[in-house]
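Each chain is listed here by its residues.
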Amino acid sequence: MDGNGRWARERGLPRVMGHKAGARTVQKTVRVAREMGLAVLTLYAFSTENWHRPLQEVDTLMGLLKTYLQSELDKLLQQDIRLCCLGEMSKLPGDVREVLEKVITRTAGARGMTLNLALSYGSRNELVRAMQRLASRCVAGEMVPLDITDEMVSQQLDTAGQPDPDLIIRTGGECRLSNFLLWQASYAEIYITETMWPDFSKKAFYEAVHNFQQRQRRFGRTGEQASTGLPTT
Ligand code: FPP
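The model shown is predicted, which means the values in this text are computed figures rather than measured ones. (Residues numbered from 1 in each chain as written. Predicted model: local features only at pLDDT ≥ 70, side-chain atom pairs only at ≥ 80, totals over all residues. Heavy atoms only, no water.)

## Topic: the overall build of the chain
In step 1: Scanning the chain from terminus to terminus reveals 8 helices and 5 strands.
In step 2: Secondary structure elements of the chain, listed N to C terminal, follow the sequence α-α-β-α-β-α-β-α-α-β-β-α-α.
In step 3: Against the globule reference of 17 Å for 233 residues, the chain gives a C-alpha radius of gyration of 19 Å, in line with a compact fold.
In step 4: Dimensions of the chain, computed from C-alpha atoms along their principal axes, come out at roughly 55 × 45 × 35 Å.
In step 5: By residue count, 42% of the 233 residues in the chain fall in the buried class.
In step 6: Long-range pairs, those at least 24 residues apart, make up 71% of the contacts in the chain with a sequence separation of at least 6.
In step 7: Of the accessible surface of the chain, which amounts to about 12900 Å², a share of 52% is contributed by carbon and sulfur atoms.
In step 8: The averaged location of the 27 negative side-chain charges in the chain is 4 Å from the averaged location of its 30 positive side-chain charges. (Helix = DSSP H or I, 4+ residues; strand = E, 2+ residues; numbered from the N terminus. Rg over C-alpha atoms; globule rule 2.2 N^0.38 Å. Buried < 20%, exposed > 50% of the residue type's maximum accessible area, 1.4 Å probe, protein only. Contact = heavy atoms within 4.5 Å. Areas by Shrake-Rupley, 256 points an atom, 1.4 Å probe, with all protein chains shown as cover. Lys, Arg positive; Asp, Glu negative; His and termini not counted. Charge placed at Lys NZ, Arg CZ, Asp CG, Glu CD.)

## Comments concerning the sheet that holds strand β2 (residues 81–86)
In step 1: Read from one edge to the other, the open sheet built from 3 strands follows the order β1-β3-β2, with strand pairing classed as parallel. On the outer flanks of this sheet lie β1 (40–47) and β2, each paired with one strand and no other. In this sheet, adjacent strand axes meet at a mean angle of 20 degrees when their direction is disregarded.
In step 2: Pairing between β1 and strand β3 (residues 113–121): 7 bridges, direction parallel. Residue V40 lies in a different strand from β3, and its bridge partner there is T114. (Pairing = 2+ DSSP bridges. Axes fitted to C-alpha atoms, helices over the stretch in contact; angles between N-to-C directions.)

## Observations regarding the pattern of salt bridges
In step 1: In this structure the tally under the stated criterion is 19 salt bridges.
In step 2: One salt bridge connects E72 with K75, and the closest N-O pair in it is separated by 3.0 Å. Here the residue E72 and the residue K75 both occupy positions in helix α3 (residues 55–78), the gap between them amounting to 3 residues, near one helical turn.
In step 3: Here R217 makes a salt bridge to E189, at a shortest N to O gap of 3.7 Å. In this pair, R217 sits in the loop between α7 (202–213) and α8 (223–228) while E189 sits in strand β5 (residues 189–192), placing the two residues 28 residues apart along the sequence.
In step 4: For E189, a relative accessible area of 16% corresponds to the buried category. (Salt bridge = Lys/Arg side-chain N within 4 Å of Asp/Glu carboxyl O.)

## Considering the layout of surface pockets
In step 1: For the second largest pocket, the calculated volume is near 180 Å³.
In step 2: D150, E151, S154, D164 and W183 are, among the 13 residues lining the second largest pocket, the residues nearest its centre.
In step 3: When the residues that make up the lining of the second largest pocket are grouped by side-chain class, the tally is 3 nonpolar, 7 polar and 3 charged. (1 Å grid on protein atoms, 1.4 Å probe; cavity = no way out; pocket = protein on both sides within 12 Å on 5 of 7 lines; lining within 4 Å. Points joined across faces, edges and corners; volume = space filled by probe spheres on them. Nonpolar A, V, L, I, M, F, W, Y, C, P; charged D, E, K, R; others polar.)

## Focus: the nonpolar core
In step 1: In this structure, V30, L41, L43, L69, L115, L117 and L119 are the most contacted members of the largest nonpolar core, which totals 32 residues.
In step 2: Among the elements of the structure, α2 (15–36), β1, α3, β2, α4 (94–106), β3 and α7 are those that each provide at least two residues to this core.
In step 3: A total of 8 residues in this core trace back to one element, the largest contributor, which is α3.
In step 4: Here L41 is in contact with T29, V30, A33, M113, T114, L115, N116 and F205, once residues within four sequence places are set aside.
In step 5: Among the nonpolar cores identified, the runner-up in size contains 9 residues, and Y44, A118, A185 and A188 belong to it. (Core = buried A, V, L, I, M, F, W, Y, C linked by side-chain atoms within 4.5 Å.)

Set out below in C-alpha cells:
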C-alpha cells in the first residue's frame, strides 16, 4: 500500500494525513475484495523496516490500525471475513495487540474471505523463524535435514494453510517486492501501478484483476503446455 506520503506531499499535507486517507482506502478495498469473491486479501500495512520511521509516524500508524480494528469488527463479521495477522504480533504495542487478538478470535469462524494484515512483517524474518523451528525439530531428533520439503517450509510460514498469492498489486509505482512474501510469491503475477494508495479505487482494483486475467501463467512450462493443460512429463 505504497504512496501515502507522496499523496500527502502533493497536497501540501503532512505525511500522516496520507496514512489517514490510506486507512479509508483499506476499508473500501476490503469491501471490494469481498464483493469480487476473493478467497484471500493480504495488505502489507507495516514492515519490520517501518519501525525505523520517525516515532510520530509510527505512533500514527499504530493509532490508525487500532481505530481500524475497533471500528471494523462488526463489518468483518457481517461480511463473513476472517482476520489473520502475518508478522511478529509480539512487537506491536500492547493496546494494539489486545484489539488485534480480539478481532482475530471473534472472526476466526468466518469463511467468506481471509483478510491478512501484514504487521511488523518482513519475509526474511518470517523465513528465519521458520528455519529456526525446522532446525529445532532436527536437533530434537524428530527429523533430519534431508526430510525438509517445500511443503514443510510453507507450513512453517505465517501463511500456513493458505494458498500462495496469485496477484501482487503494488501502488506508488516502485518496482520491487520490499521483503513481502518472498517464498510465497514465487509464481505470483506482479502488477505495478503509479496510482498512490489513497487513490486506489474500485475501478483501479478491477483494472488490476482484469490485467491479471489476460496473463498466461506458465509455471515453468512452455506456453503451449500451459494453454493445453498437458502434463509436464
Ligand atoms: C507506505 O507508503 C505505507 C505504509 C508504510 C503504511 C500503510 C498504512 C496504511 C495504508 C494505513 C493504516 C493501515 C490499516 C490496516 C488501517 P509510504 O508512506 O511509504 O508512501 P511514500 O513512498 O509515498 O512515502
